[in-house]
Amino acid sequence: MKGTMRLEAFHEVPPTAGLPPRWRDLLPWRGPSLAARAAEFLGVEEVQVTCSGTAALVVALTALKRRSARTDVIVPAYTCPLVAIAVAHCGLTLRPCDLVVNGIDMDPATLAALCDDNTLAIVPTHLGGRVADVDTALACAHRVGAWVIEDAAQALGARFADDASIGTKGNIGFFSLAVGKGLTTYEGGLLIAGEAGLREDLRRCGEEIARYDAALEIARSAQLIGYHAIYRPLGLTLAYGLPRRNALRSGDAIAAVGDDFSLSIPLHRMGDWRDGVGARAFVRLHDFQEKLDKQAVRRRSRLGSIAAITVFQDRDRVRGTWPFFLICMPTRAARDAALSELWASHLGVSRLFIHALPDYAYLRDIVSALPLPNAREFAARTLTVSNSLWLGDEEFEQIACALERACANRNGGAV
Ligand SMILES: *Cc1c(COP(=O)(O)O)cnc(C)c1O
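Residues numbered from 1 in each chain as written. Predicted model: local features only at pLDDT ≥ 70, side-chain atom pairs only at ≥ 80, totals over all residues. Heavy atoms only, no water.

(A) Structural detail: the overall build of the protein chain. The helix and strand inventory of the protein chain stands at 13 helices and eleven strands. For 415 residues, the compact-globule formula gives about 22 Å, and the C-alpha radius of gyration of the protein chain, at 21 Å, lands near that figure. Seen through its C-alpha atoms, the protein chain measures out along the principal axes to roughly 60 × 50 × 40 Å. Evaluated residue by residue, the protein chain yields a buried proportion of 56% over its 415 residues. Relative to all contacts within the protein chain whose residues are 6 or more apart in sequence, the contacts with residues 24 or more apart total 75%. (Helix = DSSP H or I, 4+ residues; strand = E, 2+ residues; numbered from the N terminus. Rg over C-alpha atoms; globule rule 2.2 N^0.38 Å. Buried < 20%, exposed > 50% of the residue type's maximum accessible area, 1.4 Å probe, protein only. Contact = heavy atoms within 4.5 Å.)

Right, here's the structure in full:
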C-alpha cells in the first residue's frame, strides 16, 4: 500500500517502537530458551525469566530482605507506579528521591541524604531507553552497605560506555517484556545478577514465590496471540487509539497512558510456549534496534533545532535505545498546548507516567506526601514522541512543527 493514500484515521502509530511480532514466532518449534537467548543478547552468564518486570523486582527485594533486616528502598520519585507497588508488596518502605533538575536521575545530594543504615536497596532507573547514572547510586550504596538494583524495564538493549549491558553495574538488574516495552511475551521479565551467590538466592526465591498457574498462562498466551493479530496500524487504531481517545475525552490521563495499575501483583511462572515466542523474537532485536538508532539520529537533530525544548540524550559513548524521544518542554503550558494538539492524534505522541509517585491517589497508602519539586516539574513538562518506524517523515515533521508552535505561543503568539 502506498503511504500517500492511506487514511489517517486507520494508521495509528504506537507510542513506543515495539519489535514487530512475526506469526512464525508463535509456532512451537524447539530451540534455545528465552533465558539462553537473553543471556547471549545481554552478554551475561545467566538470566532468570520472571512473569513480569514487577515480579522480577519482587523476587529481587525478597531475596535481599532475607539477607538483611533493613527496610528502606530508595527509588526515583518519577517512575512506574508498579515499582512502588512492588516495594509495598514486599512489606518494605518506599523512599522516593527527587530528581535532578530537568533529568531522569536521582539528585545526588538528596540521594546521599536519604541513605542510611536502614537502606536495603537503591533503584536507579533507565527511563525511556536513556542510561541513568548508576555510579552515584553505587557510591551511596557502598557507603551505607546497601544493594543497587538497576531498573532497566524500559531500556533492554542499552549499553554503558564499556559496551556492557545496563543492569550489569548494579548488584541486580531487571528488564520488562511487557506489552508496549519493546520485545514482548505480553507480560514477562528478565532478572540478572553479577554475583553467583546472589543469582542462586534469586533463583530459589523465584521458585518459591512464583508457581505455575495454568489459567493465568492460558490468558497470557491468548493475549500474546491477540497482540500478534493487532500489531499493525489498523489493529492499533482499534485496540490502542480508540480507548485512548475515549479516556482523553473524559479527562482521564491516567487511563490514557495505562498508569492505572492494580495493587495486587500476579506472581506465576512463564509457560514454555511463551518462553519460546520470546526466544525467537530475541533473534531480531539487535537489527531492529539498529534501525531505530539510525532514525533517531536524524530525528534528534530536527528536534534539537527547536531551541526551547530538551530532548533527553545519552552521555559520552553511552548507547541507549530509542523506543521514543523523551522531551521536556519549556513550561507546563507549552507542554499542555502541544498535547492538546497531538495527544489524541494518530501520531504516537503521549506522556510517560502522569504523576510523580505521591500524586497518584491510588498509591496514597504506599507513598507518603513529600515535596519532590523536580519530579513534579518533570511530570508536568515532559511528553514523548514515538520513534516507531511507522511514523513517516512528513508525520514527524508535523509533530516537530506543533512543538515549535506550542513553544512560540507562550510568548504571546510571536513566531
Ligand atoms: C514497566 C515498568 C516496570 C514494571 O515492568 P512490568 O513488566 O510492566 O511489570 C518497572 N519499572 C519501570 C520503569 C517500568 O517502566
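(B) Focus on the nonpolar core. In this structure, Ile 149, Ile 327, Met 329 and Leu 403 are the most contacted members of the largest nonpolar core, which totals 86 residues. Take this core: its biggest share by element is eight residues, from helix α2 (residues 53–67). Core analysis: the second largest hydrophobic core is formed by 43 residues, Ala 39, Ala 137, Val 144 and Met 270 among them. (Core = buried A, V, L, I, M, F, W, Y, C linked by side-chain atoms within 4.5 Å.)

(C) Just the layout of surface pockets, in detail. Taken as a whole, the second largest pocket encloses approximately 500 Å³ of empty space. Every residue lining the second largest pocket is counted, 27 residues in all, and those nearest its centre are Gln 48, Val 49, Thr 50, Arg 203 and Arg 269. Within the residue set of the lining of the second largest pocket, elements represented by two or more residues are β1 (48–50), α2, β7 (189–193), α6 (196–209) and α10 (272–304). It is α6 that provides the largest number of residues to the lining of the second largest pocket, a total of six residues. Broken down by class, the residue content of the lining of the second largest pocket amounts to 14 nonpolar, five polar and eight charged. (1 Å grid on protein atoms, 1.4 Å probe; cavity = no way out; pocket = protein on both sides within 12 Å on 5 of 7 lines; lining within 4 Å. Points joined across faces, edges and corners; volume = space filled by probe spheres on them. Nonpolar A, V, L, I, M, F, W, Y, C, P; charged D, E, K, R; others polar.)

(D) Seen up close, the sheet that holds strand β11 (residues 382–386). Reading across from one edge, β8-β9-β11-β10 is the order of the four strands in this open sheet, with antiparallel pairing throughout. Unpaired on one side and paired on the other, β8 (310–311) and β10 (349–350) mark the two borders of the sheet. Sheet topology note: the strand β9 (residues 324–328)/β11 ladder contains five bridges and is antiparallel. Bridging from a neighbouring strand, Cys 328 pairs with Thr 382 of β11. (Pairing = 2+ DSSP bridges.)

(E) Structural context of the pattern of salt bridges. For the coordinates displayed, the defined rule picks out 27 salt bridges. The salt bridge involving Asp 163 is made with Arg 319; its shortest N-O contact spans 2.3 Å. Remark: Arg 319 occurs in the loop between β8 and β9 and Asp 163 occurs in the loop between β5 (147–151) and β6 (172–176); sequence separation between them is 156 residues. Here the salt bridges do not stand alone but share partners, grouping Glu 45, Glu 46, Arg 67, Glu 195, Arg 199, Glu 200, Asp 201, Arg 203 and Arg 204 into one network. (Salt bridge = Lys/Arg side-chain N within 4 Å of Asp/Glu carboxyl O.)

(F) Examining the site of the ligand more closely. The local shell around the ligand holds 16 residues, among which Gly 53, Thr 54, Asp 151, Ser 176 and Lys 181 are the closest. A distance of 2.8 Å separates an oxygen atom of the ligand from a polar atom in the side chain of Gln 154. Contact between the ligand and Ser 176: an oxygen atom at 2.6 Å from a side-chain N or O atom of the residue. Put simply, the parts of the chain that give the shell around the ligand at least two residues each are α2 and α3 (81–89). Counted by class, the shell around the ligand contains six nonpolar, eight polar and two charged residues. (Near = heavy atom within 4 Å. Polar contact = N/O pair within 3.5 Å; in protein donor to acceptor, adjacent residues only side chain to side chain.)

Without other data, these values stay purely geometric and don't point to any function.
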